[in-house]
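What follows is each chain in one-letter form.
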Amino acid sequence: MFWIDTVMAISPFHIYAVSVSNADPIYSLNSLPSVYLIERGPFGIQADISLRGLSFNQTRILYNGIPLYDPQTGHHNTNLPLTEMDILGFGLVSSFYSGFANLPGINIMPSNVSCGILRIGGRGYVKGVGKFSYQNNTLSVEGFRWDGYVFEYENKKYFNPANSVALFLSRKDGDFDVFAGYRYNSFSAKGFYLPPTFESNETTQVALLGGNFKGLKLFARWHQDQFNWGTGRNLHNTLNSGGEFFHKIGFVEIKIGGNAEYIKSSIVKRATGSRDTMRYYAFIFPSLISNGYDWVMKGGLKVSYDNFSGKLGYEPYVFGVYRWFSLNAYYSRRLPDFTELFYSDPKNYGNKNLKPERVLGFDLGVDADFGIFKVYAIRFYDRIDWVKRDNKYFAENIQTHNIYGFEVFSPVYYLGPITLNLSFSAIYPDVKEAGKYTPSFPRYRFSLLTNIVSLRVENDTTQYDYFGYKANLGVFLDLNLNIVGFNGDYTTQFNCGIRNVLGVRPMITSYMQGLGRWYYCEYRHFFKPSTTL
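(A) Spatial organisation of the environment of V252. Looking at the secondary structure, you find V252 in strand β17 (residues 252-265). Given a relative accessible area of 32%, V252 falls into the partly exposed group. Sequence-wise, V252 and P286 are 34 residues apart; in three dimensions their C-alpha atoms are separated by 7.2 Å.

(B) Structural detail: the packing of aromatic side chains. Going through the model one piece at a time under the given rule, you end up with 28 aromatic pairs. On the numbers, 5.7 Å between centres and 85° between planes, the contact of F285 with Y317 is edge-to-face. Remark: Y317 occurs in strand β20 (residues 312-322) and F285 occurs in strand β18 (residues 276-291); sequence separation between them is 32 residues. Side by side, F285 and Y317 carry an identical accessibility label, which is buried. Taking the centre distance of 5.2 Å and the plane angle of 50° together, the rings of F494 and Y523 count as tilted. Of this pair, F494 sits in strand β33 (residues 490-499) while Y523 is found in strand β34 (residues 518-526), placing the two residues 29 residues apart along the sequence. Residue F494 is classed as partly exposed on the basis of its relative accessible area of 44%. A network of ring pairs unites the aromatic residues F43, Y125, F144, W146, Y149, W518 and Y520 as a single cluster. Sitting over the ring of F338, R279 keeps its end group 4.9 Å from the ring centre. We note R383 situated over the ring of F380; from NZ or CZ to the ring centre the distance is 4.5 Å.

(C) Highlighting the sheet that holds strand β26 (residues 392-398). Ordered in space as β22-β26-β25, the three strands form an open sheet in which the pairing is mixed. Because the sheet does not close on itself, it has two edges, and the strands there are β22 (348-349) and β25 (383-389).

(D) Highlighting the side chain of E142. Relative to the elements of secondary structure, E142 occurs in strand β11 (residues 137-153). Under the relative-accessibility criterion, E142 is labelled buried at 8%. Here the side chain of E142 touches E84 through a polar contact of 2.9 Å, landing on its backbone nitrogen. Beyond its immediate stretch of four places on either side in the chain, E142 contacts T83, E84, K127, G128, V129, S164, V165, A166 and R183.

(E) How the structure looks around the side chain of N185. Relative to the elements of secondary structure, N185 occurs in strand β13 (residues 176-188). A polar atom in the side chain of N185 sits 2.8 Å from the side chain of N79. Polar contacts involving the side chain of N185 include one to the side chain of S164, which spans 2.6 Å. Apart from residues lying up to four places away in sequence, N185 is in contact with G44, I45, N79, N163, S164, E202, T203 and T204.

Conventions we followed
- Residues numbered from 1 in each chain as written.
- Predicted model: local features only at pLDDT ≥ 70, side-chain atom pairs only at ≥ 80, totals over all residues.
- Heavy atoms only, no water.
- Helix = DSSP H or I, 4+ residues; strand = E, 2+ residues; numbered from the N terminus.
- Buried < 20%, exposed > 50% of the residue type's maximum accessible area, 1.4 Å probe, protein only.
- Phe/Tyr/Trp six-rings, centres within 6.5 Å; stacked < 30°, edge-to-face > 60°.
- Lys NZ or Arg CZ within 6 Å of the ring centre and 35° of its normal.
- Pairing = 2+ DSSP bridges.
- Polar contact = N/O pair within 3.5 Å; in protein donor to acceptor, adjacent residues only side chain to side chain.
- Contact = heavy atoms within 4.5 Å.

In structure tokens:
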């Protein structure tokens, strides 16, 4: 399936949340309001997520509150050490959801569904997934291969095949939860960063070890990226590890934590003379919370220190709900990633003198029986982006600018066996100096989501051809036929569908087009009843 069963909710943590039933969970993020996805490689190979005008570096990914972002570059944030059966849904979370969520981000909610999947699709796609449970233990395994994108460049066809395997284990026992995950990807990268005439391929590995222990969260995430082109090679190893302790006494909540980010890479050596470097970040995050019959108020101040800036940071927030109405306001900052600091090639130059970027933002919401309406504004100070000068890109702190937007959701309608949800979103940038990843034109999106049809209509700078008529409008239509069979305590599903029925192919990079029309069929066997948000 390529859409979402939508359950919207406003809470002290989630701005809204959605459950996912999806053959490609990352792709389903495209159906969320104000979330835009660029898939260099689909099915979790590599994708950039933009949330409410934030760049892929600014959009943090969390797993149940534990950070999964990569300190080298946000290009690898969707390289998840999970299988698709470990993802129940995504939540758009507030900046204070975790001490590591400096900006509104995306939280992955764990799934406890046990299931086996066999899926085949166009272009040689074959995937198998299995999740097995015994008492308090679970094991998930996943593997797939496919022949990849087929695209043209200078009247020649190119192919980007890919292979991937993943493993995830967890054990839950009362207030204790321990987990470990691993993923290996191998894929052709022709057209990713260089013209496809350059023979290039990439392998990535990611491993995660973590746990929740009665208010204490610990984690360690290792990532390796090896990019090969011709006779050259870039090898990057990063380690992001740390923890967060949470405790509540009466109306006082406190979070204390921190992490260390380490990189060993050729880009660091070229920039500093040393092959590796590390920075650390620590915070204390007290909050006050009060509530009554139909209202909740919460506010706090995060005080942090990092050895990169050598200064204390102060990040206040306030959150409130009164009946139908909600308010979320925050001031936050983000440190530059290692690519923004150290990367260099003939066309892209990092900057060791970058300052942390700062953000002032708020959103107001109405959550009622007739639907949800949210309006938000984000003001950037010293936003970090890649600015084009003389056909080259330089990492710089660009001028102050604003982003405004709104999101409208209908309630979920139940029309017999069909569920229906409608949404509309708009993003309005007020930008004086646009960088490579700073939005420079208004974006609009309308989505219609059912358990049979998913329709997404959005404006774009690319012109698409619809039966001879060209328009700066992307129309993405997905279809699915689902047959459910029951057998005692088990449930069997047969699904067949078409992703991108109209065959719209957006430009993914300057050299390559996206996936286009794709067919698939799958068999699912559930070992126990599935769950929802």
